[in-house]
Amino acid sequence: GQSLEQPSEVTAVEGAIVQINCTYQTSGFYGLSWYQQHDGGAPTFLSYNGLDGLEETGRFSSFLSRSDSYGYLLLQELQMKDSASYFCAVTVPGDTPLVFGKGTRLSVIA
Amino acid sequence: DSGVTQTPKHLITATGQRVTLRCSPRSGDLSVYWYQQSLDQGLQFLIQYYNGEERAKGNILERFSAQQFPDLHSELNLSSLELGDSALYFCASSVATGGLATDTQYFGPGTRLTVL
């Protein structure tokens, strides 16, 4: 089966940097995605890593290490609007196109 | 706005009833995915259709069924509803079959189902 582990909650101060980790155990692996979901809203795609290394998109960066089955999402210059849940998800061969972690609830405080 | 539409936005019904949730994918997307999200839970994949055909099946109950029509919109049918079926139901769409590494899924706003 497939399993993903990410912290359930993280709290950080406005303007700071926060890193949300994700480790996975899968049968096969194509890549790691990150989605943001505000309360009551729809998940929104943030980033995708298919190869090892860092991908940067504005204030958000995502990292993947395939050998360690590990990735993280880095949020810089945190803003109050970044308070949301963040889900890592793996793309794997087989019947489930995308497998989601349980999500990390990020609270940004003043 | 992802371009994926879902109706209705809210649905309140009673146990034992049957409901139908509707989803229209983004223009040009051939795949539609259905997910269930219960309170404080992650996204549970239910089923995927690609160009009218069932492509992948996840943790979908036998009481649930779905289909994708020639115009590519999809419907999720939930029957013999139970209290535990209360959840947010999301539809997502993507261009291809989902097995491709960069086939990003775009989510609709969801339907909140409450079973009383």
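Here is what the cut-offs are and how they apply
Per chain, residue numbering runs from 1 following the sequence as it is written. As they are written, the chains are lettered A onward and the ligands numbered 1 onward, keeping that order. It should be noted that, the model being predicted, local features are given only for residues of pLDDT at least 70 and side-chain atom pairs only at 80 or more, the latter also being counted only at that level, while totals for whole chains, interfaces and linings use all residues. Note: side-chain values were computed over all heavy atoms of the structure, leaving out hydrogens and water. Helix numbers and strand numbers start at the N terminus; a helix is a DSSP run of H or I with at least 4 residues, a strand a run of E with at least 2. The atom set for the radius of gyration is the C-alpha atoms, and the globule formula is 2.2 Å times the number of residues raised to the power 0.38. Here's how the labels work: a residue is buried when its accessible area is under 20% of the maximum for its type, exposed when over 50%, partly exposed in between, all with a 1.4 Å probe on protein chains only. Every residue pair with non-hydrogen atoms within 4.5 Å of one another is taken to be in contact. Here the Shrake-Rupley method, with its probe set to 1.4 Å, supplies the accessible areas, and only the displayed protein chains count as covering residues. Between any two strands, at least two bridges found by DSSP are needed for them to pair. Every axis in this analysis is a line fitted to C-alpha atoms, fitted for helices over the stretch in contact. Angles between the N-to-C directions lie between 0 and 180 degrees. Summed over both partners, buried area is the accessible surface (1.4 Å probe) that two parts give up on being assembled. When a carboxyl oxygen of Asp or Glu is within 4 Å of a side-chain nitrogen of Lys or Arg, the pair counts as a salt bridge. Two N or O atoms form a polar contact when they lie within 3.5 Å of each other; inside protein one atom must be a possible hydrogen donor and the other a possible acceptor, and for residues adjacent in sequence the pair counts only when both atoms belong to side chains. Here, nonpolar core refers to any group of buried Ala, Val, Leu, Ile, Met, Phe, Trp, Tyr and Cys residues whose side-chain atoms link them within 4.5 Å. Any two cysteine sulfur atoms within 2.5 Å of one another count as a disulfide.

Of the regular secondary structure elements, chain A holds zero helices and eleven strands. From first element to last, N terminus to C terminus, chain A shows the α and β order β-β-β-β-β-β-β-β-β-β-β. Here the C-alpha radius of gyration of chain A, 13 Å, is about what a compact globule of 110 residues would show, namely 13 Å. Overall, chain A is about 45 × 30 × 20 Å in size when its C-alpha atoms are taken along their principal axes. Split into buried and exposed, the 110 residues of chain A put 49% on the buried side. Within chain A, counting contacts between residues at least 6 apart in sequence, those at least 24 apart form 57% of the total. Of the roughly 5100 Å² of accessible surface on chain A, 47% is carried by carbon and sulfur atoms.

Moving on: the sheet that holds strand β3 (residues 19–24) of chain B. Residues and elements named next belong to chain B. The antiparallel open sheet is built from four strands, whose spatial order is β1-β3-β8-β7. The sheet is open, and its two edges are formed by β1 (5–7) and β7 (64–68), each paired on a single side. Put simply, the sheet's adjacent strands are angled 15 degrees from each other on average, direction ignored. Of the pairings in the sheet, the one linking β1 to β3 comprises three bridges and is antiparallel in character. The residue bridging Gln6 from the neighbouring strand is Cys23, located in β3.

What follows deals with the interface of chain B and chain A. Interface extent is often summarised as the accessible area lost during association of the parts. Of the residues lining the interface, 22 residues belong to chain B; the matching set on chain A comes to 18 residues. Taking both sides of the interface into account, the surface hidden between chain B and chain A amounts to around 1500 Å²; carbon and sulfur atoms contribute 61%. On the surface where chain B and chain A come into contact, there are zero salt bridges. On inspection of chain B and its partner chain A, the count reaches two residue pairs in polar contact (both at pLDDT 80 or more).

Right, let's get into unusual backbone geometry. A cis geometry characterises the amide bond from Thr7 of chain B onward to Pro8 of chain B, with omega recorded as -10 degrees. The backbone of Ser69 of chain A shows a phi angle near 50 degrees, a positive value even though the residue is not glycine. Turning to its location among the elements, Ser69 of chain A is positioned in the loop between β7 (60–65) and β8 (70–75). Positive phi, normally seen in glycine, also occurs at Glu77 of chain A, with a value near 45 degrees. With respect to the helices and strands, the residue Glu77 of chain A is situated in the loop between β8 and β9 (84–91).

This brings us to the nonpolar core. Leu32, Trp34, Leu75, Tyr86, Val90 and Leu106 of chain A are the most contacted members of the largest nonpolar core, which has 24 residues in total. Mapped onto this core, the elements with two or more residues apiece are β2 (9–13), β3 (18–25), β4 (31–37), β7, β8, β9 and β11 (104–109) of chain A.

With that settled, consider the state of the cysteines. All names here are of chain A. Evaluation of the coordinates by the stated rule reveals two disulfides over all chains. Residue pairing for Cys22: its cysteine sulfur links by disulfide to Cys88, the two sulfurs lying 2.1 Å apart. With the S-S bond torsion at 75 degrees, the cross-link from Cys22 to Cys88 turns out right-handed. Taken together, the residues span a long stretch of sequence, with Cys22 in strand β3 and Cys88 in strand β9 at a distance of 66 residues. Look at Cys22 and you get buried, because its relative accessible area is 0%.

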